[in-house]
Amino acid sequence: RVVIHFHTLVRWGDRGKLHPNSRARKVTSVNVRHAKNISGQFQQDGGGFSLGVVPVDGTLRSDWRRRFNRGLGGQLEWVWADPKSFPASENRQRAASSYQEVR
């Protein structure tokens, strides 16, 4: 099996305070990971391997933390349920189809 794993700018310590729909409204990245069903619960395989889906731009994938620390994390966010939403830091012409596939 594979699982879709997404990241947001919601602080890890605050995630429990929000309804899951609110936490998942704005997304910064999506990747796919291998998982196993162990006793009825899916657990991601060890090793941290994942296949990045979005952002498409490799620089954004590796540079997100620096952007976030400089107060630019909002440039990485997009609302997956809104077909017009797209992260400001991504090249729309090059990456639009990848974001559409995630939706």
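Figured I'd write up the structure that's included with this text. (Residues numbered from 1 in each chain as written. Predicted model: local features only at pLDDT ≥ 70, side-chain atom pairs only at ≥ 80, totals over all residues. Heavy atoms only, no water.)

1. Some points on the pattern of salt bridges
Note the threshold: What counts as a salt bridge is simple: a side-chain nitrogen of Lys or Arg found within 4 Å of a carboxyl oxygen of Asp or Glu. Buried means the residue's accessible area, taken with a 1.4 Å probe over protein chains only, is under 20% of the maximum for its type, while exposed means over 50%, and partly exposed covers the values in between. Under the DSSP-based scheme used, a helix requires at least four consecutive residues in state H or I and a strand at least two consecutive residues in state E, with every element numbered from the N terminus.
Under the criterion given, the structure shown has 3 salt bridges. For the salt bridge of Lys17 with Asp14, the shortest nitrogen-to-oxygen distance reads 3.3 Å. In this structure Asp14 comes out as partly exposed when scored by relative accessible area, which is 30%. Across the salt bridge formed by Asp63 and Arg67, the nearest N and O atoms sit 3.6 Å from each other. Pair noted here: Asp63 and Arg67 are both in helix 2 (residues 58–69), with a separation of 4 residues, about one helical turn. In this structure, Asp63 and Arg67 share a single accessibility class: buried.

2. Digging into the packing of aromatic side chains
Basically, it comes down to this: Pairing of aromatic side chains requires ring centres within 6.5 Å, counting the rings of Phe and Tyr and the six-membered ring of Trp. Pairs whose planes differ by under 30 degrees are stacked, by over 60 edge-to-face, and all others tilted. Geometrically, a charge over a ring is one whose NZ (Lys) or CZ (Arg) sits within 6 Å of the ring centre while staying within 35 degrees of the ring normal.
Per the counting criterion, the structure on display carries 2 aromatic pairs. Ring centres of Trp78 and Tyr99 lie 4.8 Å apart, and the angle between their planes is 85°; on these two criteria the pair is classed as edge-to-face. You can see Trp78 sitting in strand 6 (residues 78–79) and its partner Tyr99 sitting in helix 3 (residues 92–102), a full 21 residues away along the chain. Judged by relative accessible area, which is 1%, Trp78 ranks as buried. Judged by its relative accessible area of 1%, Tyr99 is buried. Aromatic rings pair up to connect Trp78, Phe86 and Tyr99 into one cluster. Sitting above the plane of the Trp12 ring, Arg15 keeps its charged end 3.6 Å from the centroid.

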